[in-house]
Amino acid sequence: MNTLQHYIDTPLFINHTISNFNFFNKWEDERENTKLSATANTNTQINSENCGYVKTTILAIDDEEICLASIEIILHNTSCSLIKAPNGRKALEILRNNSNNIDLIFLDLMMPDLHGIEVLQIIKNDPSLAQIPVILQTGSSNELDIQEALNIGAVECIRKPYTKNTILTSINRNLKMK
């Protein structure tokens, strides 16, 4: 395992600020020479080249650019398409225009414009969106918010910082339930 791959696989990755895009260029060069895969708890091989599924479209909603970038890096060179939304209002606009094309949503709870709970309520109350699995990805320690989101219809909660394996396993698990 090369150093960069090991770094991406650690929770520390999400905590570091990317100061410039030279990091991405170096990562891209090493990524081309490395095939990443992860094994799910069920011992099913998850191939990062296809996220376990063909042509999966994922919407990631987070006000922190580093979190959106980390998911983008994790899904790089997969058949998963990523749409990024920097806030809840933009995410709802994207969803209304692409409701039939989104297969899975990663949703942050703590956002400045619309709290993740509000975004989740709107999604789950809209018949054209309600069937899309929503995975919380949050750094919040507020268990009441997390439980409320699960009660509203989020399928799972991933704590930040997360790893590549956690993201790919969650995608695989939740698309199988869809």
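Our subject is the structure listed above.
Residues numbered from 1 in each chain as written. Predicted model: local features only at pLDDT ≥ 70, side-chain atom pairs only at ≥ 80, totals over all residues. Heavy atoms only, no water.

## Comments concerning the nonpolar core
Then step 1. One finds L59, I61, L95, I105, L107, V119 and I123 to be the most contacted residues of the largest nonpolar core, which totals 24 residues.
Then step 2. When residues of this core are traced back to their parent elements, those giving at least two are β3 (57-61), α5 (88-98), β5 (104-107), α6 (116-125), β6 (134-138) and α7 (143-152).
Then step 3. Once you skip the residues sitting within four places of it in the chain, L59 turns out to touch I83, A85, A91, I94, L95, I102, L104, I105 and F106.
Then step 4. Core analysis: the next-biggest nonpolar cluster, separate from the first, contains 18 residues, I66, I71, F106 and I135 among them. (Core = buried A, V, L, I, M, F, W, Y, C linked by side-chain atoms within 4.5 Å. Buried < 20%, exposed > 50% of the residue type's maximum accessible area, 1.4 Å probe, protein only. Helix = DSSP H or I, 4+ residues; strand = E, 2+ residues; numbered from the N terminus. Contact = heavy atoms within 4.5 Å.)

## Observations concerning α5
Then step 1. Those residues of α5 that fall on the buried side of the exposure criterion are G88, A91, L92, I94 and L95. Looking straight down α5, one finds its buried side chains confined to an arc of 160°; they lie on one side. Away from its buried face, by an angle of more than 90 degrees, α5 presents the exposed residues R89, R96 and N97.
Then step 2. Those residues of α5 hidden inside the fold are in contact with β3, β4 (81-85), β5 and α6. (Arc of directions from axis to C-beta.)

## Some words on the environment of E148
Then step 1. Its place among the elements puts E148 in helix α7.
Then step 2. Using a relative accessible area of 33% as the deciding quantity, one classes E148 as partly exposed.
Then step 3. Separated by 31 residues in the primary sequence, E148 and I117 place their C-alpha atoms 7.7 Å from one another.
Then step 4. Apart from the residues within four sequence positions on either side, E148 is in contact with I117 and Q121.

## Looking at the sheet that holds β5
By definition, the strands of a sheet pair up through backbone hydrogen bonds, in either a parallel or an antiparallel sense.
Then step 1. One open sheet holds the five strands; their spatial order is β4-β3-β5-β6-β7, and the pairing between them is parallel. Every interior strand has two partners, whereas the edge strands, β4 and β7 (156-159), have only one. Mean inter-strand twist for the sheet, computed between neighbouring axes without regard to direction, equals 20°.
Then step 2. Of the strand pairs in this sheet, β3 and β4 are connected by five bridges, and their pairing is parallel. Bridging across to β4, I58 finds its partner in L82.
Then step 3. Here α6 sits on the sheet and contacts β3, β5 and β6; the angle it forms with β5, its principal contact strand, is near 160°.
Then step 4. With respect to the sheet, α7 is in contact with β6 and β7, its orientation differing from that of β7 by roughly 145°. (Pairing = 2+ DSSP bridges. Axes fitted to C-alpha atoms, helices over the stretch in contact; angles between N-to-C directions.)

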